[in-house]
Amino acid sequence: MSSTAIAVDTVGHWIDGRVVDSDAPDATDVYCPANGEVTKRVPVGSRADAEAAVTAAARAFDAWAATPAHVRARVMFTFREKMLADIDRLAAIICDEHGKVLDDAKGELQRGIEVVEFACGIPELLKGEFTENVGSGVDGMSLRKPLGPVVGVVPFNFPAMVPMWMFPVALACGNTFVLKPSEKVPTLAMEMAAMLTESGLPDGVFNIVHGGREVVDTLITDPRVEAVSFVGSTPVAEHVYRTGTEAGKRVQALGGAKNHLVVMPDADVENAVNALMGSAFGSAGERCMAISVVVAVGDEVARAIRERLVERIAELRVGPGTEPGVEMGPLITREHRERVMSYVAAGENEGAELVVDGRNGVREDGFFLGASLFDHVTPQMKIYREEIFGPVLAIVRVNSFDEALQLVNDHEFGNGTALFTADGRAARTFISQVRAGMVGINVPIPVPMAFHSFGGWKRSLFGDHHVHGREGVRFYTRYKTATIRWPEAGAAPTEFAMPTAK
Ligand code: NAD
């Protein structure tokens, strides 16, 4: 490996505070989804690249862990200021590589920056406990210690926010970090790495290595790595969880989703439709919190919602995310668009009613696809069971609240869900009994704020902890309790019995 200035055509790794070229022979193309052109290449890193990143993180750990928490927090304060000052340029990078509209890109940056703000409070969050006189002349204290080098593996759909769910809390707690970005959107991570260094983060504390399975498997089994945070699809989440825990790591692995929005007969239809349009088709449905199933309680609700959705989809403005007024951008790649279209075909073949066919919106000047709406979808259908991760919304009709709740609870995934209603008792029962990690009442995408924690249930999350908030602090620290005595000379006798407080 050799150190260079920021490469123009092929993105480098970020190791020990600088850009490093990979010796790996392979690289993959990065596209601008709005015009289909290749904008850069990203190396398929090697085992050696991954090990070099972990070596840097391991070397930097002791000094960073020993840095006072309030001094670590100051780096986060500066990083926050830099991100905010540059938010327009950063949003444009996300828009260019991912395809989402500019306001949405700014929104994800803002939500990520809020985790940085949470991490700025780390001295308070890490404050330990102290008890004077747990025994006569004996004091007790408990503290949270950082783990060591930790790893984050992230998906393409939030190039800024998902990494920021992880590294601000991990770093503030005193860990060092190796990030493996998505090969489809590598640039934003590199920008954040440079900004962290400019914010005063010591070299080696934050590192980036690009690549695929070889790099990921090296990172999650390296004996020096203590913990792994993963966000991505369920099959890979399960692989990372099993492999990482087998290798003795602490692992949190967030997977895929199929989020239901239940509409009760007493709900305001216009509010529900507004919510559905944004949550099903915002970011072209490429969100783990996207609503992909609307559960209509009663045929009258289904009819009203369907009618308004058809009108609204006809008005939906699809185009490049940089164009003012555009509401939905392209999909991430041509292959992913093919995959989404194959689900639309599968839905038709399975007998669902295709009310609006988004395939009519295919444009060859980019990876654009229109919004699709299915009605009369049943739980047996593939388009109901599987995550499509595109602008496809399915209406499922049920007869009662209980049936709706059962439907949500029976699904394999349990990331987010929402209930639209005017009935407080139904809302309370839903919150209490629904088997999902994040619940919205008249809120379609209930993404928790940074000072709460994000995560799903069932096969949407493998592991014990949700990300960020206090859950993040718990995940990235381990507990230590000390019992302390300062006896006078000769005043500490031998005790053969289990010590008890006197
Ligand atoms: P993905 O699973 O294909 O990739 C995620 C990461 O894993 C990437 O960095 C990728 O390079 C790496 N990877 C891919 N295949 C691998 C393998 N075989 N072994 C090791 N690493 C591998 O996911 P994606 O397509 O980038 O993102 C979309 C998925 O992410 C959707 O399923 C979505 O629901 C999910 N997601 C979940 C959440 C959540 O909070 N639960 C948030 C965002 C996205």
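Refer to the structure presented above.
Summary of the structure given here. The structure presented is a predicted model; accordingly, all values stated were derived computationally and were not measured.

**Focus: the sheet that holds strand E5 (residues 129–135)**
Read across the sheet, 3 strands follow the order E5-E6-E22 without closing on themselves; strand pairing throughout is antiparallel. With partners counted over all chains shown, the strands left at the sheet margins are E5 and strand E22 (477–485), one partner each. Taken over all neighbouring pairs, the strand axes of this sheet differ in orientation by 25 degrees on average, direction set aside. Examined bridge by bridge, E5 and strand E6 (residues 138–146) share 4 bridges and lie antiparallel to one another. Bridge pairing in E6 places Glu129 opposite Ser142.

**Comments concerning the sheet that holds strand E13 (residues 291–297)**
Strand order across the open sheet formed by 7 strands is E14-E15-E16-E13-E12-E18-E19, with mixed pairing between neighbours. The strands lining the two open edges of the sheet, one partner per strand, are strand E14 (353–356) and strand E19 (438–441). Along the sheet, successive strands turn relative to each other by an average axial angle of 20 degrees, direction set aside. Of the strand pairs in this sheet, strand E12 (residues 259–263) and E13 are connected by 5 bridges, and their pairing is parallel. Across the sheet, the residue bridging to Val263 is Ala296, located in E13.

**Let's talk about the site of the ligand**
Not every one of the 26 residues close to the ligand is listed here, only the nearest: Val154, Lys180, Glu183, Ser233 and Glu387. Within the contact set of the ligand, an oxygen atom lies 2.7 Å away from a backbone nitrogen or oxygen of Val154. Side-chain polar atom of Glu183 to an oxygen atom of the ligand: 2.7 Å apart, as the coordinates give it. Out of a free accessible area of 840 Å², the ligand has 88% covered by protein chains. Looking at the shell around the ligand, the elements with two or more residues in it are helix H8 (213–221), strand E10 (227–231) and helix H9 (234–246). For the shell around the ligand, the per-class residue count stands at 14 nonpolar, 8 polar and 4 charged. Of the residues that make up the shell around the ligand, three or more belong to each of domain 1 (3–255 + 460–481) and domain 2 (259–441).

**Comments concerning the side chain of Thr176**
Within the secondary structure, Thr176 sits in strand E8 (residues 176–180). If we skip the residues at most four places from it in the chain, Thr176 touches Ala57, Ala58, Ala60, Phe61, Trp64, Gly148, Pro149, Val150, Leu171, Gly204 and Val205.

**Concerning the pattern of salt bridges**
Counted according to the given criterion, the structure contains 35 salt bridges. Arg287 is paired through a salt bridge with Asp104; the nearest N and O atoms lie 3.0 Å apart. Of this pair, Arg287 sits in the loop between helix H10 (269–281) and E13 while Asp104 sits in helix H4 (residues 102–120), placing them 183 residues apart in sequence. We note a salt bridge from Arg334 to Glu364, for which the minimum N-O separation is 3.2 Å.

Calculation notes
Residues numbered from 1 in each chain as written. Predicted model: local features only at pLDDT ≥ 70, side-chain atom pairs only at ≥ 80, totals over all residues. Heavy atoms only, no water. Pairing = 2+ DSSP bridges. Helix = DSSP H or I, 4+ residues; strand = E, 2+ residues; numbered from the N terminus. Axes fitted to C-alpha atoms, helices over the stretch in contact; angles between N-to-C directions. Near = heavy atom within 4 Å. Polar contact = N/O pair within 3.5 Å; in protein donor to acceptor, adjacent residues only side chain to side chain. Areas by Shrake-Rupley, 256 points an atom, 1.4 Å probe, with all protein chains shown as cover. Nonpolar A, V, L, I, M, F, W, Y, C, P; charged D, E, K, R; others polar. Domains from an automatic or database assignment. Contact = heavy atoms within 4.5 Å. Salt bridge = Lys/Arg side-chain N within 4 Å of Asp/Glu carboxyl O.

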